[in-house]
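Commentary on secondary and tertiary structure
Listed here are the chains, written in short residue letters.
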Amino acid sequence: MENSVEQALEAVPFCFGQIFVRKTGDDFVLCHRDDEAHDDLEIFQDPEDAIEIAKYDDAGNYRALKTAPNLRHGWRMELRTSDRLKRALDHFYPGRLAIFSAWKTALLRITPLRETLDRQSGMYRIVAKVSDTQIDDLVADFCRSNDGCLRTILWKRDQRGAIASTRLPKEKFYPTWDQARASIQPGSPTPATGTAPAMIPLLCQEPCNLLVAACRKVVKGE
């Protein structure tokens, strides 16, 4: 599985969520996609700094969902090796490189929403009562790429293969589609390469805990 990640990381320049990665000399250089043409950025050289960069948005609000399209601006990270690059990317988007690798090698297990809801217990057991109509509306709002989540949805609504939400655009389910396009600010510069860079998708193999919690609120009428 590691080889698929290594091959993807060698295809610089590339985008990973809201991050643009290129190579300058021997260094991998990372920044927010909106900031690629800026030279007044705060410089970081430790992959562990990605933890703090990813923690808050531009307004200082805590980012509970790391794949939300609200990664803060104003930073640039310079890393010497691919191992340090992988560590940084894993801090920005925890677990997504491993999920991508498993998907590339056909080892990824994909879990339908209903299966996730049916296995909840305790205070979350009520989520199994959410209706299909409620799911359709909730997933469309919670998982949309613009202001929601940048992951590409791979899971289905149930074991019969129903689509997660009929209200989402079909591109939301295409791993080859750049979900971050919806979050790019108007007027943002085109990468200096002059051509569209490669893209490593953020994949969603099963509904997250935040979506499960949102289902509970809907059922309880909160």
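Look a little higher up for the structure.
Residues numbered from 1 in each chain as written. Predicted model: local features only at pLDDT ≥ 70, side-chain atom pairs only at ≥ 80, totals over all residues. Heavy atoms only, no water.

Here's the deal with the layout of surface pockets
Heads up, the rule is: Of the grid points, spaced at 1 Å and generated over the protein atoms alone, those admitting a 1.4 Å probe that cannot get out make up cavities, while open sets with protein on both sides within 12 Å along at least five of seven lines make up pockets; any residue with an atom within 4 Å of a point is treated as lining. Grid points are joined across faces, edges and corners, and a volume is the space filled by probe spheres set on the points. We call Asp, Glu, Lys and Arg charged. Ala, Val, Leu, Ile, Met, Phe, Trp, Tyr, Cys and Pro are nonpolar, and the rest, Gly among them, are polar.
Estimated volume of the second largest pocket: approximately 200 Å³. Forming the boundary of the second largest pocket are 13 residues, of which L65, R96, R151, C208 and N209 lie nearest the centre. Here the lining of the second largest pocket is built from residues that sort into 6 nonpolar, 3 polar and 4 charged.

Looking at the sheet that holds strand β4 (residues 42–44)
Note the cut-off: At least two bridges found by DSSP between two strands is the condition for calling them paired. By definition, any uninterrupted DSSP run of H or I lasting at least four residues is a helix, any uninterrupted run of E lasting at least two residues is a strand, and each is numbered from the N terminus. In this description, a line fitted to the C-alpha atoms serves as the axis of each element, helices being fitted only across the stretch in contact, and the angle between N-to-C directions of two axes falls anywhere from 0 to 180 degrees.
One open sheet holds the 6 strands; their spatial order is β4-β5-β3-β2-β1-β7, and the pairing between them is mixed. The sheet is open, and its two borders are formed by β4 and β7 (198–200), each paired with just one other strand. Sheet twist, expressed as the mean angle between neighbouring strand axes with direction ignored, is 25°. In this structure, strand β1 (residues 14–16) lies alongside β7, joined through 3 bridges in parallel fashion.

Focus: the pairing of strand β2 (residues 19–24)
Note that β1 and β2 share 3 bridges and pair antiparallel. Bridge pairing in β2 links F16 to I19. Linking β1 back to β2 in an antiparallel pair, the connection comprises 2 residues, with G17 at a positive phi of about 65°. Where β2 folds back onto strand β3 (residues 27–32) in an antiparallel hairpin, the turn is made up of 2 residues, including G25, whose phi is positive at roughly 65°.

Remarks on the packing of aromatic side chains
Quick reminder of the rule: Aromatic rings from Phe, Tyr and Trp, with only the six-membered ring used for Trp, were paired whenever their centres fell within 6.5 Å, and each pair was classed as stacked if the ring planes differed by under 30 degrees, edge-to-face if by over 60, and tilted otherwise. Each residue gets one of three labels from its accessible area relative to the maximum for its type: buried under 20%, exposed over 50%, partly exposed in between, using a 1.4 Å probe on protein chains only. The criterion is that NZ of a Lys, or CZ of an Arg, lies within 6 Å of the ring centre and within 35 degrees of the ring normal, and then a charge sits over that ring.
Enumeration according to the criterion identifies 4 aromatic pairs in this entry. Taking 6.2 Å as the distance between ring centres and 70° as the angle between the ring planes, the aromatic pair formed by Y56 and Y62 counts as edge-to-face. When its relative accessible area of 55% is taken as the criterion, Y62 is described as exposed. Centroid distance F100 to W103: 6.1 Å. Interplanar angle 40°. Geometry classified as tilted. A residue pair is termed a helical-turn pair when its members lie 3 or 4 positions apart in one helix, as F100 and W103 do in helix α4 (residues 96–104) at 3 residues. On the basis of relative accessibility, which here comes to 7%, the residue F100 falls in the buried class. Positioned over the ring face of W177 is R181, at 4.7 Å from the centre of the ring. Looking at R216, its charged tip hangs above the ring of Y124, at a distance of 5.6 Å from the centre.

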